[in-house]
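Spelled out, the chains give:
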Amino acid sequence: MTAPSRPVPVPDETSAPYWEAAAGHVLTVARCSRCGSFSIPPDVVCQHCHSTDPDFAFEPVSGRGAIRSWTVVRQSFLPGFTDDVPFVLVDVELDEQADLRMIGRLVDGPAAALRLGDRVVVTFEDLAPGVAVPAFGLEPS
Ligand SMILES: [Zn+2]
């Protein structure tokens, strides 16, 4: 028996440009066309200017940021992650905007020594042909 493989993201109409960019290892974030603020995830209303017609567009970002918190996942509740535990999820504040937070897996492994404010940069895990998910790696200090 082989373990079930990790589930792959299924893009919808809204997220398709995001996953398309990710497949090319480019991180994008939805940006409000009214006020220029980034939002993760984009909602029907812009959380910054409260426009009900934000017309979000995904724009490339640096993928650099600082760790604001993290957690070690020791038990897999979803099939497909059994072989991956334990792993670390980091909560990253991206450089582009104050409080622009994104959760991702840390590729440095569960034993990485972490401190609040540690610098990370986005990297991508290729799950299948044409499918990649963003993760983070510690920047060499
Ligand atoms: Zn806005």
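Each remark here, short or long, concerns the structure printed above.
Analysis parameters
Residues numbered from 1 in each chain as written. Predicted model: local features only at pLDDT ≥ 70, side-chain atom pairs only at ≥ 80, totals over all residues. Heavy atoms only, no water. Helix = DSSP H or I, 4+ residues; strand = E, 2+ residues; numbered from the N terminus. Rg over C-alpha atoms; globule rule 2.2 N^0.38 Å. Buried < 20%, exposed > 50% of the residue type's maximum accessible area, 1.4 Å probe, protein only. Contact = heavy atoms within 4.5 Å. Areas by Shrake-Rupley, 256 points an atom, 1.4 Å probe, with all protein chains shown as cover. Lys, Arg positive; Asp, Glu negative; His and termini not counted. Charge placed at Lys NZ, Arg CZ, Asp CG, Glu CD. Core = buried A, V, L, I, M, F, W, Y, C linked by side-chain atoms within 4.5 Å. Donors = N, O, S within 2.8 Å, 3.2 Å for Na, K, Ca; no water. Tetrahedral: all angles 85-135°; square planar, octahedral: opposite > 155°, others 65-115°. Salt bridge = Lys/Arg side-chain N within 4 Å of Asp/Glu carboxyl O. Pairing = 2+ DSSP bridges.

Asks: I tried to follow the overall build of the chain on my own but got confused; where do I start?
Replies: For the chain, the count of helices and strands is one helix and eight strands. Each helix (α) and strand (β) of the chain, taken in turn from the N terminus, gives the series α-β-β-β-β-β-β-β-β. Computed over its C-alpha atoms, the radius of gyration of the chain comes to 16 Å, within 12% of the 14 Å expected for a compact globule of 141 residues. Considering only C-alpha atoms, the chain reaches an extent of 50 × 35 × 25 Å along its principal axes. Residue burial in the chain is summarised as follows: out of 141 residues, 37% are buried. Excluding contacts between residues fewer than 6 apart, the proportion of contacts in the chain whose partners are at least 24 apart in sequence is 53%. Of the roughly 8300 Å² of accessible surface on the chain, a fraction of 54% belongs to carbon and sulfur atoms. Positive and negative side-chain charges of the chain, numbering 10 and 19 respectively, have mean locations separated by a distance of 8 Å.

Asks: Explain the nonpolar core here, please?
Replies: In summary, soluble globular proteins display a tendency toward joint burial of nonpolar side chains. Counting residues in each nonpolar core, the largest one holds 20 residues, and the members touching the most others are Leu27, Val90, Leu94 and Phe136. Of all the elements in the fold, those that place two or more residues in this core are helix H1 (16–23), strand S5 (87–94), strand S6 (101–106), strand S7 (119–128) and strand S8 (131–138). It is S5 that contributes the most residues to this core, four residues altogether. Residues contacting Leu27, with those up to four places away along its chain left out, are Tyr18, Glu59, Pro60, Val61, Gly63, Met102, Val122, Phe124 and Pro134.

Asks: Hey, could you run me through the coordination of the zinc ion in this one?
Replies: For a metal bound by four donors in tetrahedral geometry, the ideal donor-metal-donor angle is 109.5 degrees, whereas six donors in octahedral geometry ideally sit at 90 or 180 degrees. Donor atoms from the polypeptide that bind the zinc ion are Cys32 (SG), Cys35 (SG), Cys46 (SG) and Cys49 (SG), placed at 2.3 to 2.4 Å. Seen from the zinc ion, its four donor atoms lie at angles of 108 to 112°, and the figure they make is tetrahedral. Sequence spacing among the residues donating to the zinc ion works out to C-x2-C-x10-C-x2-C. In this pair, Cys32 sits in the loop between strand S1 (28–31) and strand S2 (38–39) while Cys49 sits in the loop between S2 and strand S3 (57–60), placing the two residues 17 residues apart along the sequence. Residue class for Cys32 comes out buried when judged on its relative accessible area of 2%. Assessed through its relative accessible area of 32%, Cys49 is described here as partly exposed.

Asks: Would you explain the pattern of salt bridges in this entry?
Replies: Should their charged atoms come close, side chains of opposite charge can pair. In this structure the tally under the stated criterion is 11 salt bridges. Linking Arg64 and Glu139 is a salt bridge whose minimum nitrogen-to-oxygen distance equals 2.1 Å. Linking Arg64 in strand S4 (residues 64–73) with Glu139 in the segment after S8, this pair joins segments that are 75 residues apart in sequence. Owing to a relative accessible area of 37%, Arg64 belongs among the partly exposed residues under this scheme. Its salt-bridge partner being Asp95, residue Arg119 comes within 2.7 Å of it at the nearest N-O pair.

Asks: Explain the sheet that holds S2 to me, please; I cannot follow it from the model alone.
Replies: By definition, the strands of a sheet pair up through backbone hydrogen bonds, in either a parallel or an antiparallel sense. With respect to topology, three strands assemble into an open sheet ordered S2-S1-S3, the strand pairing being antiparallel. Only two strands of the sheet have a single partner each, and these edge strands are S2 and S3. As paired strands, S1 and S2 are joined by two bridges and run antiparallel to one another. Looking across to S2, one finds that Ala30 is bridged to Ser39.

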